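Structural overview
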Amino acid sequence: DSNALTDVHNYVEANRAEPNSEFTGIAEGKNVIIVELESVQDFVINNEMNGEVITPFLNELTQDEDTIYFDQFYHQTEQGKTSDAEFILDNSLYGTPRGAVFFTHSGNEYQTMSHQLNDEGYFTAAMHANNKSFWNRDIMYENFTYDRFYDLQDYVVGEGDAVNWGMKDIPFFEQSVDHMTEMEQPFFSKMITLTNHHPFYLDEEDKMIEEYDSNSGTLNRYFQTVRYTDESVKLLFEDLKESGLYEDSIIIMYGDHYGISENHNTAMSQYLEREITPYESAELQQVPFFVHMPGYGEGETISKVTGQIDLKPTILNLLGIEDKESMQFGQDVFSEENDNMTIFRDGRVVSDEFVYAGEICWDKESGEEVDKENCRSIIDKAKDELAFNDEIIYGDLLRFYDNKNGKLLENEIIEE
Ligand code: GP9
Ligand code: MN
């Protein structure tokens with residue numbers, strides 16, 4: 001009913017953060033290259049495993065003058081896994097609590113970032129070397145206004161080029177750069193990696209570090225496949241430079257979701273040398289997030305609490321695309337008004353002060369249990385926000401919303 005949309009809209013307006021004007025348009029007119037890093041969690045960054053560096057190239061980026069690295073950035077996915085991360089990126093909305101919104105609500109009307117970019121003259125493409133119908137991507141990308149989906153059929157998977165679920169990341173990136181050189185500019189291209197996927201197998205020649213030595217083969221192999229993905233990203237940057245695309249592009253990279261589930265807590269606690277409490281489990285939902293802008297020169301590490309929901313408003317602001325009316329829950333990560341909290345799809349929530357997980361309120365810094373009242377306001381906000389989100393999705397409410405003018409199309413609602 002019309003009240004539902006009014007309530008959601010009021011909430012969204014109250015929650016909206018003014019983007020940071022110092023970042024507005026600093027990447028205007030550039031190509032946007034998104035790299036969604038399969039199952040890469042943040043704990044591997046700037047860390048070692050039995051004396052071996054796990055992500056040498058990504059570590060270098062954390063120190064790079066053209067890179068902003070966020071070390072308190074969380075994934076917000078649920079059962080829709082990779083597809084949830086894609087949904088959040090494009091809509092700045094959460095997926096559904098169960099199932100995958102890519103399947104359950106593919107017929108809804110969405111007002112996506114790719115649609116907005118398309119309106120601004122961008123060529124929009126998704127690139128992923130798997131069957132196009134996996135996660136219902138072919139249907140959903142069309143709904144989201146991607147001009148082109150480069151799927152498995154657009155790649156040549158030669159002998160030895162596949163492992164695990166499909167094409168290896170190194171040849172995938174190589175051929176993706178070839179595709180990008182053919183694109184009309186400016187373009188927005190989203191690449192999704194695949195090699196660092198459960199069960200994390202690799203061919204011998206692709207193993208650059210040893211396995212770990214816990215009781216979990218999954219965790220043991222994970223370090224090796226992450227190391228491989230790190231290498232592939234390094235080569236991607238080289239290919240982009242060689243192709244001439246690099247200077248005219250910004251590169252946004254983030255992990256889609258965890259790779260190591262709670263089934264491997266014993267092994268994880270051996271690696272981290274601490275008990276995996278619900279607090280630790282929540283903190284392990286951090287994934288790396290990089291904004292790389294050639295020529296930027298003021299790279300830094302930002303430790304504000306942010307999440308995938310913030311990607312869309314952040315990217316649009318960097319491109320100088322004004323977006324004052326979108327029905328969304330994210331906030332520009334650079335905004336002074338960013339609320340520094342991240343809501344998980346299951347109701348867990350992290351703020352700069354507290355972590356609410358396992359129905360316990362924890363001090364964010366120390367991991368000590370504190371009185372639950374400390375978490376009351378963030379628990380309530382999470383409940384409200386997720387409920388409003390679900391009203392949008394279950395009610396297909398964006399049909400009745402004009403996101404250019406911020407108008408509720410009340411008449412049509414009454415006619416329904
Ligand atoms: C499949 C890939 C993996 O194409 O994106 O999906 P996931 O299992 O991580 O959701
Ligand atoms: Mn995934």
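Here, the structure is the one placed above.
Before going into details, it helps to say that this report is about the structure given with it. Because the structure is predicted, anything quoted here is derived from the model rather than measured. (Residues numbered from 1 in each chain as written. Chains lettered and ligands numbered in written order. Predicted model: local features only at pLDDT ≥ 70, side-chain atom pairs only at ≥ 80, totals over all residues. Heavy atoms only, no water.)

**Describing the coordination of the manganese ion (ligand 2)**
How we decide: Counted as coordinating are nitrogen, oxygen and sulfur atoms within 2.8 Å of the metal, or 3.2 Å for Na, K and Ca, while water is not included, which may make sites look incomplete. All geometry calls rest on donor angles, where a four-donor set with angles between 85 and 135 degrees is tetrahedral, four- and six-donor sets with opposite donors more than 155 degrees apart and all others between 65 and 115 are square planar and octahedral, and all else is irregular. Each helix is a run of DSSP H or I of at least 4 residues and each strand a run of E of at least 2, with the numbering of both proceeding from the N terminus. The cut-offs for exposure are 20% and 50% of the maximum accessible area for each residue type, with area from a 1.4 Å probe on protein chains only; residues under the lower value are buried, those over the upper are exposed, and the others partly exposed.
The manganese ion (ligand 2) binds to the protein through Glu-38 (OE), Glu-38 (OE), Thr-82 (OG1), Asp-256 (OD) and His-257 (NE2); the donor distances cover 2.0 to 2.5 Å. For the manganese ion (ligand 2), the six donor atoms in the first shell make angles of 56 to 168° at the metal, a pattern classed as irregular. Each donor residue of the manganese ion (ligand 2) belongs to the same chain, with the gaps between them written as E-x43-T-x173-D-H. One end of the pair, Thr-82, is in helix 3 (residues 81-91); the other, Asp-256, is in the loop between strand 11 (249-255) and helix 9 (265-272), with 174 residues separating them in the sequence. The same class applies to Thr-82 as to Asp-256, namely buried.

**Brief notes about the packing of helix 7 (residues 169-182) against helix 8 (residues 217-243)**
Filter applied, for reference: Geometry is summarised by axes, namely lines fitted to C-alpha atoms with helices restricted to the contacting stretch, and by angles between N-to-C directions that run from 0 to 180 degrees. Any angle that falls under 35 degrees is termed roughly parallel, while one over 145 is termed roughly antiparallel, one within 65 to 115 roughly perpendicular, and all others oblique. Crossings are sorted by hand: turned counterclockwise from the far helix by less than a right angle, the near helix makes the crossing left-handed, and turned clockwise it makes it right-handed. Contact between two residues is taken to exist if any of their heavy atoms lie within 4.5 Å; hydrogens are not considered. Gly is put with the polar residues, along with every residue not named as nonpolar or charged; the nonpolar set is Ala, Val, Leu, Ile, Met, Phe, Trp, Tyr, Cys and Pro, and the charged set is Asp, Glu, Lys and Arg.
Relative orientation of the contacting elements helix 7 and helix 8 amounts to 25°, with a least axis distance of 9 Å. Between helix 7 and helix 8, the interaxial angle falls into the category roughly parallel. Both helix 7 and helix 8 take part in a crossing whose hand is right-handed. Together, Asp-169, Ile-170, Pro-171, Phe-173, Glu-174, Val-177, Met-180 and Thr-181 of helix 7 and Tyr-228, Thr-229, Glu-231, Ser-232, Val-233, Leu-235, Leu-236, Asp-239, Leu-240 and Ser-243 of helix 8 make up the contact between the two elements. In terms of residue class, the contact of helix 7 with helix 8 is made up of ten nonpolar, four polar and four charged.

**Brief notes about the packing of aromatic side chains**
Let me state the cut-off plainly: Side-chain rings of Phe, Tyr and Trp (the six-membered ring for Trp) are treated as a pair once their centres are within 6.5 Å; stacked means planes under 30 degrees apart, edge-to-face means over 60, and tilted covers the remaining angles. By definition here, charges over rings are those cases where NZ of Lys or CZ of Arg is within 6 Å of the ring centre and within 35 degrees of the ring normal.
As enumerated under the stated definition, the model contains 32 aromatic pairs in all. When the centroid spacing of 6.0 Å and the interplanar angle of 50° are considered together, the rings of Tyr-11 and Phe-329 count as tilted. With Tyr-11 in helix 1 (residues 2-15) and Phe-329 in the loop between helix 11 (311-318) and strand 15 (341-343), the pair connects residues that are 318 residues apart, well separated along the chain. Between Tyr-11 and Phe-388, the aromatic rings sit 5.0 Å apart at their centres with planes inclined by 35°, giving tilted as the arrangement. A residue pair is termed long-range when its members are at least 10 positions apart, and Tyr-11 in helix 1 and Phe-388 in helix 12 (residues 376-395) qualify at 377 residues. The exposure classification of Tyr-11 matches that of Phe-388, with both residues buried. An aromatic cluster is present here, built from Phe-43, Phe-200, Tyr-212, Tyr-222, Phe-223 and Tyr-271 joined pairwise through their rings. Here Lys-81 stacks its cationic end above the ring of Tyr-258, 5.2 Å away from the centre of that ring.

**Observations concerning the pattern of salt bridges**
This is how it is decided: Every case where a carboxyl oxygen of Asp or Glu lies within 4 Å of a side-chain nitrogen of Lys or Arg is listed as a salt bridge.
Tallying each qualifying case throughout the model produces 18 salt bridges. Across the pair Glu-280 and Arg-274 runs a salt bridge, and its minimum N-O distance is 2.9 Å. Residue Arg-274 is classed as partly exposed on the basis of its relative accessible area of 42%. Ionic contacts of the salt-bridge type, sharing partners, join the residues Arg-227, Asp-230, Glu-231 and Lys-234 into one network.

Shape descriptors only; they carry no functional weight alone.
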